[in-house]
Structure formats: C-alpha cells, structure tokens
Amino acid sequence: KLSGLFTILDDVCKTPHATDANYARQIYRAHSGDDNGNDTKNERFHASQRQQSQDKFAVHHFAGKVEYTMEGFIEKNRDSMPKETVDLLSNSTNAFVRSLVNHLSVDRAAGGGKDASTAATASRQALTVSGLFRQQLRDLRVKLEST
C-alpha cells in the first residue's frame, strides 16, 4: 500500500535532521516507478529524472498537472506554536482562547474524548500543517457522508 505525500512528510518531520532532500527521496521511492518517473506506482504522481535532479515533482489534480518544488516543505510543515504558547493558551481562564488551542491540536487519546483531561493532553500534541489539513479533510468527509 502506498503512503500519501502528507503521511510521508509527517514521518520525515519526526526524524532528527530532516531535510527537504530526505523528503524528496522518500516520495520518489514510494511513488515513482523507474528513474525517469515512468510506470509510476501512483498514476497521479510524476517525477521525471529532470524534476528529481531539481527536487521537484508533479501531481495530477482534478484541474490538471501541478509541479511542486521541495524547498521549504519541512520547515513549513513544522509551522506550529511553541509548547510554551500552547501551555499558556490552554490554561487561559477564557473559554474561547482555550477552544482555539483545541482547534489547533489533535486529541490522540483513544475514542477522541473531549473531557478536560484529554483536551489538555491534546493541546500539548500540536499537529503539523499537513496533519491538521488531513484532520480537516477527515472531518469534512464525515460531514459529507452524514448528509
């Protein structure tokens, strides 16, 4: 089974000394067929030898093919609030401020409970940008399927 681009991005971000080049190698290995980007394992992914030499890839979206450059992927994906900020906001006396932290965090406790103890735990486990995006997509899909 293929790992998605966002899943691979999150996995690479968890490793010490993660770089955009490491991410590029991982997605090329997971999604490209041969060294020229032909016979790809994923028909929506393309990375020719030229693109790979420039740390680029293309995705065939609904509206057409879009080329991406790897530069800055790791840094942008780690764009999160410092732990001290999360702690400060989650301990606010203002309910609205506390709710903001919950929207920027994921509850990784079993069952996704929303009680005070799991909400506090969730607020300290900030998502990466791609993780937050995937969570929002899952939530949207659940809403669409329920209508």
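For the structure itself, consult the block above.
The rules behind each value
- Residues numbered from 1 in each chain as written.
- Predicted model: local features only at pLDDT ≥ 70, side-chain atom pairs only at ≥ 80, totals over all residues.
- Heavy atoms only, no water.
- Buried < 20%, exposed > 50% of the residue type's maximum accessible area, 1.4 Å probe, protein only.
- Helix = DSSP H or I, 4+ residues; strand = E, 2+ residues; numbered from the N terminus.
- Arc of directions from axis to C-beta.
- Patch = residues over 30% accessible without salt bridge, like charges linked within 9 Å, V, L, I, M, F, W, Y side chains within 5 Å.
- Areas by Shrake-Rupley, 256 points an atom, 1.4 Å probe, with all protein chains shown as cover.
- Salt bridge = Lys/Arg side-chain N within 4 Å of Asp/Glu carboxyl O.
- Expected span 1.5 Å × (residues − 1).
- Contact = heavy atoms within 4.5 Å.

Overview of helix 5 (residues 83-90)
Right, on to step 1. By the burial criterion, the buried members of helix 5 are Val 86, Asp 87 and Ser 90. On an axial view of helix 5, the arc spanned by its buried residues comes to 100°, and they lie on one face. Seen from the open side of helix 5, the exposed residues pointing more than 90 degrees away from its buried face are Glu 84 and Leu 88.

What to know about unusual backbone geometry
Right, on to step 1. In this model, His 17 sits at a positive phi of 60°, which is unusual for a non-glycine residue.
Right, on to step 2. Structurally, the position occupied by His 17 is in the loop between helix 1 (5-13) and helix 2 (20-31).
Right, on to step 3. A positive phi angle, near 55°, is found at Asp 55, a position not held by glycine.
Right, on to step 4. Owing to a relative accessible area of 30%, Asp 55 belongs among the partly exposed residues under this scheme.

Quick word on a nonpolar patch on the surface
Right, on to step 1. A cluster of nonpolar side chains, namely Phe 6, Phe 133, Leu 137, Leu 140 and Leu 144, defines an oily patch on the protein surface of about 460 Å² accessible area.
Right, on to step 2. A per-element tally of the nonpolar patch places helix 8 (residues 129-145) first, with 4 residues.
Right, on to step 3. On the secondary structure map, Leu 140 appears in helix 8.

Comments concerning helix 2
Right, on to step 1. Between the first and last C-alpha of helix 2 there are 16 Å, a value that for 12 residues agrees with the 16 Å anticipated at 1.5 Å per step.
Right, on to step 2. Looking at helix 2, one finds that the buried residues are Tyr 23, Ala 24, Ile 27, Tyr 28, Ala 30 and His 31. Down the axis of helix 2, the smallest arc covering the buried residues is 165°, so these residues share one side.
Right, on to step 3. Looking at the packing, one finds that the buried side of helix 2 touches helix 1, strand 1 (45-46), helix 3 (49-53), strand 2 (56-61) and helix 4 (73-77).

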